[in-house]
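# Understanding the architecture of this molecule
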Amino acid sequence: QQQQQQQQQQNRFFHTEQEYHNTADETLEHIQDALEELFEDSFSTETEIPEVNVANGVLTLSLPPHGTWVLNKQTPNQQIWWSSPLSGPRRYEYVELGDGEGIWVYSRYIENLEKEEEWNVEGEYTLGYILTKEI
């Protein structure tokens, strides 16, 4: 079991800091593109369209009157941090799924895992889920 936990731990970290930056930047840019497309299709005038920007590793989404969401890179921890006016703060870690694919998973979920059989990165514990739920 200790070997399984070590394997899980290894799957959660990037091999290099540059690999982390590439993956995190790509994720933030992908989220920005998806949100901009959603907003352009959902809002009728320029003044109604919510604002979403990525700069220096920080994605900011202003969605009046609900508030502002912030996703930012945390390089020392190799995480993406989420701040929401609805659900508060969360931290996400990247988990490799194989074949070069991966997913950002809520850190508390990872910390609470006790057995390999419980390792399920689908659904409510992913960054994608919380994005679609709140926005």
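Residues numbered from 1 in each chain as written. Predicted model: local features only at pLDDT ≥ 70, side-chain atom pairs only at ≥ 80, totals over all residues. Heavy atoms only, no water.

### Structural notes on the side chain of Thr27
Within the secondary structure, Thr27 is located in helix H2 (residues 17-42). The exposure class of Thr27 is buried, given its relative accessible area of 16%. Beyond its immediate chain neighbours, meaning those up to four positions away, Thr27 contacts Ile80, Trp104 and Leu127. (Helix = DSSP H or I, 4+ residues; strand = E, 2+ residues; numbered from the N terminus. Buried < 20%, exposed > 50% of the residue type's maximum accessible area, 1.4 Å probe, protein only. Contact = heavy atoms within 4.5 Å.)

### A word on the pairing of strand S6 (residues 101-106)
With six bridges connecting them, strand S5 (residues 88-98) and S6 associate as antiparallel partners. The residue of S6 that forms the bridge with Tyr94 is Trp104. (Pairing = 2+ DSSP bridges.)

### Things to note about the confidence of the model for the protein
This prediction gives the protein a mean pLDDT of 82; 80% of its residues lie at or above 70. Considering only residues more than four positions removed or in separate chains, one finds that residues 1-10, a stretch of pLDDT under 50, has seven contacts. (pLDDT = per-residue confidence, 0-100.)

### Quick notes on the environment of Tyr20
Its place among the elements puts Tyr20 in helix H2. According to the relative accessible area criterion, Tyr20 is buried, its value standing at 0%. For the pair Tyr20 and Tyr94, spaced 74 residues apart in sequence, the C-alpha to C-alpha distance is 8.8 Å. In contact with Tyr20, other than residues within four places in its own chain, are Phe14, Lys73, Gln74, Thr75, Gln78, Gln79 and Trp104.

### Digging into the environment of Pro89
One can find Pro89 in strand S5. Considering only alpha carbons, one finds Pro89 and Val70, 19 residues apart in sequence, at a separation of 9.3 Å.

### Digging into the pattern of salt bridges
Counted by the stated rule, this structure contains one salt bridge. Two residues, Asp25 and Lys73, come together in a salt bridge whose shortest N-O distance is 2.8 Å. Placement of the pair is Asp25 in helix H2 and Lys73 in strand S3 (residues 67-74), with a sequence separation of 48 residues. Assessed through its relative accessible area of 27%, Asp25 is described here as partly exposed. (Salt bridge = Lys/Arg side-chain N within 4 Å of Asp/Glu carboxyl O.)

### What to know about helix H4 (residues 127-134)
Of the residues making up H4, those classed as buried are Leu127, Ile130, Leu131 and Glu134. All buried residues of H4 lie within an arc of 105 degrees about the axis, which places them on one face of the element. Of the residues in H4, the exposed ones pointing more than 90 degrees away from the buried face are Thr132 and Lys133. (Arc of directions from axis to C-beta.)

### A short note on the environment of Glu19
Tracing the backbone shows Glu19 in helix H2. Classification of Glu19 as partly exposed rests on a relative accessible area of 26%. Distance in space between the C-alpha atoms of Glu19 and Gln78 is 9.9 Å, their sequence separation being 59 residues. For Glu19, the contacting residues outside a window of four places in its chain are Phe14 and Glu96.

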